[in-house]
Amino acid sequence: MATAPITINADEVNCLIYAYLKDSGFQHTAFSLLNEGHLHHSVHLEKHIPRGELIELLIKALLYTEVEAHWRGNNDMTGNCTTGFSLLETHMCSLNPSLKPTVNLSANSASVPAIMAAQPASVPERSDSQKRKASTPVVEEGHLDKRQRTAEVDNAEVEEKNPDVSASRSTSVRGANTENTETGKKGAKRVKSPKSKSPAPPIPPSAPASAPENDDANDTVRQLRGHEAEVFVCSWNPIHHHVLSSGSKDAVVNLWELPQAFNVKTKSLKPYQTIDCSTTKADSDLTSLDWNCHGTLLSVGSYDATLRIFTASAELYFESRLHKGPIFATRFSRGGKWLATASLDHTVCLWDVEKKQRRMQYKHRGICLDLDWLDDELFASCSADKVIHVLSVNHAEPVAVLTGHDGEVNQIKANPSGTRLVSCSDDMTSRIWEMKRVKQSPESDRITISGEMTVLEGHRNWVTGVSWSPMKMASDHELVATASFDSTARLWDANTGECLKVFTHHKKPIYTIAFSPDGRWLATGGGDGWFHLYDTAEMEKVWSWLSEHQKRAIFEMSWQQHESGVDRVALALQSHRVGLIDLTRIPALQKLRTAS
């Protein structure tokens, strides 16, 4: 079969280098290349070259070099090489005999494209001190971050020189209009924590369903300004639906008052409260935001090892420095009586919210990475020690210990009924655990595993995110989704372990994945700046949006739906902004809803 020729000419290469030099701030060198290369006459000079394009092409070249070096025929690749690949060094394999020598790309991966399958099938172990997968995707920041904010993003993006330059683009079957929304901190009250003692203003009254019309009325995506560093976390208030919280690398929590509709003047979209959680410690990134079920308290986890709880009006309710390492996760119990926290100090703490005191402390053998509640009394925690603990508010020791993973357990989620737990790990698998509660007395709880756990295999790199669908399939089986550093997301039948669909639209690791509250949609966001939306019934992509800022990664999302017609997603963006996507303004989605 004839194929189209691959052509590369010096003019294209010079234009790529010219764009790289400009993006990197080497203006004089770029000017010299522009003139000496006669790029004024190039047909490629006016073409849009995305930031980091040269680096991304080089990364793809390294991936090809890896396939070339490790290919063994019959869809087999070397699986135990621990030597990396670089542009200027000749690759020499260093084989680890304790790892599987070959990996077959065809096994359980019929839907995975060749370039995806060509990614590393084995990952070297790392020490607890590394905290997470890799560094925050900003060169000058230098330290490691809570979630999977990869160095890959950093390597593929150049250092930001002009933070005021940004753009966004949305795509759908028919397309959608987009426009940036810029909101500064002017007018927002900044509360310093924990020293502020003056009463904070009350929660703003419910925002109007709409505001005076303007030219932005039909926008689908807004980007809210108010942070001065990467936004890592965001969370909607479950009761006051117009209130959104967001947290950033510089230890700032912003509380936003947002109308139901986007037809509001740009300048009015600003935080109504700004809370400064910074301390004298060098690392004070915010890692977790969680509202209680009443919408009255907001827990904040931070790299400075301090737990903070604020009221919805930004008053400091409680603060503790009992943890000795960064706090990765904070979760209120379903009824709001308890709060659990997971930390790098190898411990999980249980807090009595009303009494404002620690009730219990549990220990892992490695750093604690995540936790989730099964009900009001039972919760689970996971760790770099490859183990999951099921814990009770009434016991000082785990009531169950779940083993089976061969790598760090990155995230765990309980299904809506609390009868199942899904976990994901560096061992490239996810596992579904059937939870059966046996209560021998009011004071005694015990968890047993009914039947064998279900192993979900198929990913080619760390699995870093999981999500349960709130709705069951037509077969009455539950649906679970997983996201990986192999740049793919997968849908699984939670009852059988069957992989129903592989989504391969991302070009870089996926950082966040979530079902909509009604289970109709599945959304993913990644290091490539893409937000992809999938129809869970048809298992097809229906809409996408790209953050074209030079710092484009999407770190976290928070979904909001309620009976008033609101259907929107908040995004924590590397570009120092909070994205806001109104799904009711996407014509393609409305047609799908009408058709169903």
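The structure contained in this document is the topic of the report that follows. Here the structure is a predicted model, which is why all the values come from computation and not from measurement. (Residues numbered from 1 in each chain as written. Predicted model: local features only at pLDDT ≥ 70, side-chain atom pairs only at ≥ 80, totals over all residues. Heavy atoms only, no water.)

## A closer look at the environment of I510
Link 1 in the chain: Assignment of secondary structure puts I510 in strand 32 (residues 510-515).
Link 2 in the chain: Once you skip the residues sitting within four places of it in the chain, I510 turns out to touch T464, A483, S484, S487, T488, A489, T524, G525 and G526. (Helix = DSSP H or I, 4+ residues; strand = E, 2+ residues; numbered from the N terminus. Contact = heavy atoms within 4.5 Å.)

## What about the pairing of strand 24 (residues 420-425)?
Link 1 in the chain: Counting buried residues in strand 24 gives six out of six residues, a clear majority hidden from the surface.
Link 2 in the chain: Side chains R420, V422 and C424 of strand 24 all project onto a buried face; the interleaved residues L421, S423 and S425 project onto the opposite face, where all are buried too.
Link 3 in the chain: Where strand 23 (residues 409-414) meets strand 24, five bridges bridge the pair, whose relative direction is antiparallel. If you follow K413 over to strand 24, its bridge partner there is V422.
Link 4 in the chain: With antiparallel pairing between neighbouring strands as the criterion, strand 23 and strand 24 make up a hairpin whose turn holds five residues, including G418 at a positive phi of roughly 75°. (Buried < 20%, exposed > 50% of the residue type's maximum accessible area, 1.4 Å probe, protein only. Pairing = 2+ DSSP bridges.)

## Points about the packing of aromatic side chains
Link 1 in the chain: By the definition in use, this model includes 10 aromatic pairs.
Link 2 in the chain: A ring pair is formed by F531 and W543, whose centres lie 6.2 Å apart and whose planes are at 70°; its orientation type is edge-to-face. In this pair, F531 is assigned in strand 34 (residues 530-535) and W543 in strand 35 (residues 540-547), connecting sequence segments 12 residues apart.
Link 3 in the chain: Accessibility expressed as a relative area gives 0% for F531, which makes it buried.
Link 4 in the chain: Given a relative accessible area of 1%, W543 falls into the buried group.
Link 5 in the chain: Three or more aromatic residues link up through ring pairs in this structure, and these residues are F232, W462, F485, Y511 and F555.
Link 6 in the chain: The ring of Y317 has K356 sitting right over it, with the charged end atom 4.2 Å from the ring centre. (Phe/Tyr/Trp six-rings, centres within 6.5 Å; stacked < 30°, edge-to-face > 60°. Lys NZ or Arg CZ within 6 Å of the ring centre and 35° of its normal.)

## Side note on a nonpolar patch on the surface
Link 1 in the chain: Where nonpolar side chains cluster on the molecular surface, the patch consists of I6, I8, V13 and I17 and spans about 420 Å² of accessible area.
Link 2 in the chain: In this structure I17 comes out as partly exposed when scored by relative accessible area, which is 31%. (Patch = residues over 30% accessible without salt bridge, like charges linked within 9 Å, V, L, I, M, F, W, Y side chains within 5 Å. Areas by Shrake-Rupley, 256 points an atom, 1.4 Å probe, with all protein chains shown as cover. Salt bridge = Lys/Arg side-chain N within 4 Å of Asp/Glu carboxyl O.)

## Quick word on the pattern of salt bridges
Link 1 in the chain: Enumeration according to the criterion identifies 13 salt bridges in this entry.
Link 2 in the chain: The residue R321 makes a salt bridge to E319 at a minimum N-O spacing of 3.3 Å.
Link 3 in the chain: R321 gets classed as partly exposed once you look at its relative accessible area, which sits at 48%.
Link 4 in the chain: A salt bridge links K472 to D476, with the nearest nitrogen and oxygen atoms 4.0 Å apart.
Link 5 in the chain: Residues joined by salt bridges that share partners form a network here, namely D304, R308, E319 and R321.

## Overview of the sheet that holds strand 15 (residues 327-332)
Link 1 in the chain: Taken together, four strands build an open sheet; the order of strands is 15-16-17-18 and the sheet is antiparallel. Looking at the sheet topology across the chains shown, the edges are occupied by strand 15 and strand 18 (357-363). For this sheet, the mean angle separating the axes of adjacent strands, direction not counted, is 20°.
Link 2 in the chain: In this structure, strand 16 (residues 338-343) lies alongside strand 17 (residues 347-352), joined through five bridges in antiparallel fashion. (Axes fitted to C-alpha atoms, helices over the stretch in contact; angles between N-to-C directions.)

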